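What the coordinates show
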Amino acid sequence: MDIGKDEGVIKCKAAVAWEPNKPLVIEEIEVAPPQANEVRIKIVATGVCHTDLYHLFEGMHKDGFPAVLGHEGAGIVESVGPGVIEFQPGDKVIPLFIYQCRECRFCKSPKTNQCEKGWAADRYDVMASAESRFTCKGKKILQFMGTSTFSEYTVVNQMAVAKIDPTAPLDKVCLLGCGVCTGYGAAVNTAKVEPGSTCAVFGLGAVGLAAVMGCKAAGAKKIIAVDINPEKFEKAKVFGATDFLNPKDHSKPISQVLSKMTNGGVDFSLECVGNVGVMRSALESCVKGWGVSVLVGWTDLYDVATRPIQLIAGRTWKGSLFGGFKSKDGVPQMVKAYLDKKVKLDEFVTHNMTLAQVNDAIELMKHGECIRTVLSVSPQ
């Protein structure tokens, strides 16, 4: 990294997605100084999440490139722009892909963690704001989900930064920037899993395993983990799963198998894949009368469908973004829960790599060979 001739511009390494469906390229980029209400952060560690792969290989929105991906990071404040009083250089922070302005009607309501500010308000298809503090080879580079943690430095609005405990290990708590909060919160905040209940979690990546952990924390007595990769089952046991189902082992639809196992269906189901067919299965696995099914996996490519009678019979179908956590409030609380040993994080990390190995990390995830790979981005 060096501070360039242009006042305050940092030149550093970043993994640039020049176009969809192509490997990322490690480039030297320019990171402009923070403007009013912005914070420039040195990223120390970042997880590689399926949503990064979704943008690169599935969503592939033409206006979403070139971009620096990554949205599950943790780092240290390098400098702050005018008007920033909440943060100072040296603070340990987690950049957030959901804003919390504290002033809009959503932020003021206890019912939601949505916010009217930030890229998600009107550019969720492109998955980036039109504005960016990144350039490379004379071109503007988009900041994916407003964060871009596959870069040694990034600039984020202060409404999308959480200050965390200075003792927190950044190579672990980075996972709270997306996957672990997303799954855990979907169970405890969105589904509101009840003590003694029966749950099914579809998909055992990091988000699904975090959902299993959330179901256990909420007191569920039976937690059925559903995945087509039986190698995931041992890991799910660590987080609290009590039963395992591989849909490939059954000729009947998995919703029928679950219904038979649970005397008519589960009380709560969580879809952590991002597949509309699995979303339908998860809903139809719920018991009539009070079953609740939550969509957790990120996708916006196809319609989701079911027969009306499924809902008329009393099931509830709902969605969850970032586990329903109000971002600036929730993330520091989850960091504290980890430090107090109430939430697991270390067990999610199956691989540690460097930013230069980001394409290897993407391949591991593509083929389901990891839970979470954490990339070390900058030395602390």
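All values reported here derive from a predicted model rather than from experimental measurement. (Residues numbered from 1 in each chain as written. Predicted model: local features only at pLDDT ≥ 70, side-chain atom pairs only at ≥ 80, totals over all residues. Heavy atoms only, no water.)

1. Here's the deal with the sheet that holds strand β15 (residues 268-271)
Heads up, the rule is: The pairing criterion for strands is at least two bridges between them, as found by DSSP. Secondary structure counts use DSSP, requiring at least four H or I residues in a row for a helix and at least two E residues in a row for a strand, with both numbered from the N terminus. Think of each axis as a best-fit line through the C-alpha atoms, taken over the contacting stretch in the case of a helix, with angles from 0 to 180 degrees between the N-to-C directions.
If you walk across this open sheet you meet the six strands as β14-β13-β12-β15-β16-β17, and the pairing is parallel. Every other strand in the sheet has two partners, leaving β14 (243-245) and β17 (316-319) as the edge strands with one partner each. Across the sheet, the mean angle separating the axes of adjacent strands is 20 degrees when strand polarity is ignored. Looking at chain direction, strand β13 (residues 222-226) and β14 are connected through three bridges and run parallel. Residue Ala-225 lies in a different strand from β14, and its bridge partner there is Phe-244.

2. Some details on the environment of Glu-103
Rules: Partly exposed residues are those whose accessible area sits between 20% and 50% of the maximum for their type, while under 20% is buried and over 50% is exposed, using a 1.4 Å probe and protein chains only.
Within the secondary structure, Glu-103 sits in the loop between β7 (92-95) and β8 (134-136). The class for Glu-103 is exposed, based on a relative accessible area of 59%. Along the primary structure Glu-103 and Ala-211 are separated by 108 residues, whereas in three dimensions their C-alpha atoms are 30 Å apart.

3. Examining the environment of Gln-114
What counts, and what does not: Residues are treated as being in contact if the distance between any of their heavy atoms lies within 4.5 Å.
Within the fold, Gln-114 resides in the loop between β7 and β8. In sequence terms Gln-114 and Gly-146 are 32 residues apart; their C-alpha atoms lie 15 Å from each other. For Gln-114, the contacting residues outside a window of four places in its chain are Phe-106, Cys-107 and Leu-321.

4. Considering the packing of helix α1 (residues 50-59) against helix α10 (residues 358-366)
Spelled out, the test is: Angle categories are assigned with fixed cut-offs, so that under 35 degrees is roughly parallel, over 145 is roughly antiparallel, 65 to 115 is roughly perpendicular, and the rest are oblique. Three classes are used: nonpolar for Ala, Val, Leu, Ile, Met, Phe, Trp, Tyr, Cys and Pro, charged for Asp, Glu, Lys and Arg, and polar for all others, with Gly counted as polar.
Where α1 meets α10, the closest approach of the two axes is 10 Å, and the angle between their N-to-C directions is 95 degrees. With respect to α10, the element α1 is oriented roughly perpendicular. In this structure, α1 uses His-50, Leu-53, Leu-56 and Phe-57 to contact α10, whose residues at the interface are Ile-362, Met-365 and Lys-366. Grouping the constituent residues of the contact of α1 with α10 by class yields five nonpolar, one polar and one charged.

5. Some points on helix α3 (residues 179-191)
Condition: Expected span of a helix, by definition, is 1.5 Å for each gap between consecutive residues, and there is one gap fewer than residues. A residue's bend is simply the angle between two axes: one fitted to the seven residues ending at it, one to the seven starting at it.
Here α3 spans 17 Å end to end across 13 residues, near enough to the 18 Å set by a 1.5 Å rise per residue. Approximately 45 degrees is the largest bend angle found in α3, and it occurs at Gly-185. The element α3 is largely enclosed, with a buried count of 11 among its 13 residues. Buried residues belonging to α3 abut α4 (206-217), β15, β16 (292-295), β17, α9 (327-339) and β19 (372-376). After α3 finishes, the residue Lys-192 shows a positive phi value of roughly 55 degrees.

6. Points about the pairing of β19
On any regular strand, side chains alternate: one points to one face of the sheet, the next to the other face. As a reminder of what qualifies: Seen with the strands pointing away from the viewer, any crossover whose path from the first strand over the helix to the second strand runs clockwise is right-handed.
Burial within β19 is extensive, with four of its five residues counted as buried. Alignment of strand β18 (residues 349-354) against β19, held across five bridges, turns out to be parallel. When the bridges of β19 are listed, Met-353 appears paired with Leu-375. The handedness of the β18 to β19 crossover, carried by α10, is right-handed.

7. Brief notes about the UniProt feature "domain: Enoyl reductase (ER)" (unreviewed entry) in the protein
Heads up, the rule is: UniProt positions are given in the numbering used here, feature names are shortened, and annotations may be inferred rather than shown by experiment.
Within this numbering scheme, the UniProt entry marks residues 19-375 as carrying the feature "domain: Enoyl reductase (ER)" (unreviewed entry). As a span, residues 19-375 carries 25% helix and 23% strand, and end to end its C-alpha atoms are 22 Å apart.

8. Some words on helix α7 (residues 276-284)
Since one α-helical turn is 3.6 residues long, residues separated by three or four positions face the same way. Cut-off, in case you're wondering: Within this analysis, the arc is defined by the directions that extend from the helix axis to the C-beta atoms. Any pair of nitrogen or oxygen atoms within 3.5 Å is treated as a polar contact; in protein, a donor-acceptor pairing is required on top of that, and neighbouring residues in sequence qualify only through side-chain atoms on both sides.
What α7 keeps buried is the set Met-279, Ala-282 and Leu-283. Projected down its long axis, α7 carries its buried residues within an arc of 95 degrees, all on one side. Where α7 starts, the residue carrying a side-chain oxygen 2.8 Å from the main-chain nitrogen of Gly-277 turns out to be Asn-275.

9. Some words on the nonpolar core
Note the cut-off: Residues enter a nonpolar core if they are buried and are Ala, Val, Leu, Ile, Met, Phe, Trp, Tyr or Cys, with the set joined through side-chain atoms within 4.5 Å.
Counting 114 residues, the largest nonpolar core has Phe-150, Val-173 and Phe-348 as the members making the most contacts within it. Considering every element that reaches this core, the biggest residue donor is α4, with eight residues. Non-local contacts of Val-173, meaning those with residues more than four positions away in its chain, are made with Ile-94, Ile-164, Ala-168, Val-335, Tyr-338 and Leu-345. One finds Val-226, Leu-245, Ile-254 and Cys-286 within the second-largest nonpolar core, a separate group that totals 11 residues.

10. As for the side chain of Thr-149
Residue placement: Thr-149 occurs in the loop between β9 (139-143) and β10 (153-157). Under the relative-accessibility criterion, Thr-149 is labelled buried at 0%. Of note is the side chain of Thr-149, whose polar atom sits 2.8 Å from the side chain of Thr-46. Setting aside chain neighbours within four positions, we find Thr-149 in contact with Ile-43, Thr-46, Leu-69, Gly-70, His-71, Glu-72, Gly-73, Pro-95 and Val-377.

11. Looking at unusual backbone geometry
With an omega of -10 degrees, the peptide bond between Phe-65 and Pro-66 qualifies as cis. The phi dihedral of Met-127 is positive, around 65 degrees, even though this residue is not glycine. Along the chain, Met-127 falls in the loop between β7 and β8. We classify Met-127 as buried; its relative accessible area is 2%. The backbone of Met-145 shows a phi angle near 55 degrees, a positive value even though the residue is not glycine. Position of Met-145 among the secondary structure elements: in the loop between β9 and β10.

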